[in-house]
Amino acid sequence: MTLRKPISKLLAAGAAMAISATTALAQDVTLRMHQFLPPQANVPKLILDVWADAIEKDSEGRIKIERYAAMSLGGKPPELMDQAIDGVADIVWTVVGYTPGRYPSTEVFELPFMVEDARAGSYAYAKMFDAHMKDTEFKNLKIFGTWVHGPGMFHTNAAVSSPDDLKGMKIRGGSRLVNELLKLTGASPIGMPVPAVPEALSKGVIDGTTIPWEVTAALKVPELVGNHTEFEGNALYTLTFVLAMNKDRYESMPDDLKAVMDKNSGVEFSIFAGGVMQDMDAPARDLAVARGNNIVTVSAEDAAKWAEVVQPIYTTWIADMDKRGLDGQAMIDEAKALMEEYKKNNM
């Protein structure tokens, strides 16, 4: 009789510990986030880490986000979207244009001279994503952020001030529409993910690249080419990004932890991300100036001549969207109206 009470207490304590452990296992989540840039680059350092840190903090440590940079989980940048879909990684950040044709609605923000400001563009992209893309093109993913970078431009081994200057040059393009733009100027588009740019420049595989100022520092582009061409007014182009998660993995999480992730995602996060990328253009530009590189600034008047050259992209893109059952002109009009809405309310 003297042993029954201690044994019963031990059994009760053991059961309580088992329940507690089971609850912790059910609620604590570790997620692997994969992306293609080195960890010291602006996007992982100033956007992805900030986002992940906020989620870890708001979940009181119940969500842990492991960060894998520079494709350290394997594969190539164009495979990132499928890695999220297939569960190779839980979360990925990637360029939508690395999978051309699969997410056509996003291309409205990649049309030449479409976007002037990354915050306005990211706001419009996020709004149109929620209205038109979330349950259609991206229905097999959970998307936390949709944004564009600052103005895309040329970085070349010879000065470029007019479309004619690009004729015969081999230029890396970051998306299907950028490659179309290059073709119309007479350049030879070379498709490759951005991490491949430094080696391609150093070996002469390409004569230049299209990227925003922001990423040039991490890629050491100002050390590899001496000329840069930027545009007044609307950007030559922008690329679209997503921060995406395996949908089944997201749905398997407890509701309160899903709420934490949702709280740190959406329109405001997208504006933040696009704004950070744009804000980091200036420091990167300063590095090129400090090296004495040649910076060509195309005036708004001369940019209109560039716009005339690449105008056929709009015609072919609208026709392509119409064939897909999408109203291309309506998307252009909606994107422009939303960007104007943002500018009116915030700028």
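Structural notes, computed from the coordinates. (Residues numbered from 1 in each chain as written. Predicted model: local features only at pLDDT ≥ 70, side-chain atom pairs only at ≥ 80, totals over all residues. Heavy atoms only, no water.)

## Focus on the pattern of salt bridges
Note the cut-off: Each reported salt bridge corresponds to a side-chain nitrogen of Lys or Arg within 4 Å of a carboxyl oxygen of Asp or Glu.
Scanning the model with the defined rule gives 22 salt bridges in all. Among the ionic pairs, Lys-167 bridges to Asp-164, the shortest N-O distance being 3.3 Å. Linked through salt bridges whose partners overlap, the residues forming this network are Asp-49, Asp-53, Glu-56, Lys-64 and Arg-67.

## Side note on the sheet that holds strand β1 (residues 29-34)
For the record, the criterion: Two strands pair if DSSP finds at least two bridges between them. Segments assigned H or I by DSSP are reported as helices when at least four residues long, segments assigned E as strands when at least two residues long, and all are numbered from the N terminus. Axis lines are fitted through C-alpha atoms, for helices just across the contact stretch, and the angle between N-to-C directions can take any value from 0 to 180 degrees. Contact definition: two residues touch when any of their heavy atoms are within 4.5 Å.
Strand order in the open sheet formed by 5 strands is β2-β1-β3-β10-β4, and the pairing between neighbours is mixed. The open sheet terminates on both sides in strands that have one partner only, identified here as β2 (63-68) and β4 (141-148). Between one strand and the next, the sheet's axes are offset by a mean angle of 20°, whatever the strand orientation. Relative to strand β10 (residues 240-246), β4 runs antiparallel, the two being bridged by 7 bridges. By the bridge assignment, Trp-147 is partnered in β10 with Phe-241. Running at roughly 160° to β2, helix α2 (residues 42-58) makes contact with β1, β2, β3 (91-95), β4 and β10 of the sheet. The sheet strands contacting helix α11 (residues 267-279) are β4 and β10, and the helix crosses β4 at an angle near 40°.

## Points about helix α14 (residues 312-323)
What counts here: Expected span of a helix, by definition, is 1.5 Å for each gap between consecutive residues, and there is one gap fewer than residues. The cut-offs for exposure are 20% and 50% of the maximum accessible area for each residue type, with area from a 1.4 Å probe on protein chains only; residues under the lower value are buried, those over the upper are exposed, and the others partly exposed. Here, the arc refers to the directions that run from the helix axis to the C-beta atoms.
Counted at 1.5 Å a residue, the expected span for α14 with its 12 residues is 16 Å, and the 17 Å between its end C-alpha atoms agrees. Every buried residue belonging to α14 is among Ile-313, Tyr-314, Trp-317, Ile-318 and Met-321, and all of these are buried. Buried residues of α14 fall within an arc of 125° about the axis and therefore sit on the same side. Among the exposed residues of α14, those pointing more than 90 degrees away from its buried face are Thr-315, Thr-316 and Lys-323. Next to the buried residues of α14 lie α5 (176-185), α13 (300-310) and α15 (328-346). Phi turns positive, to about 85°, at Gly-325, one or two residues after α14.

On their own, these measurements won't tell you what the molecule is for.
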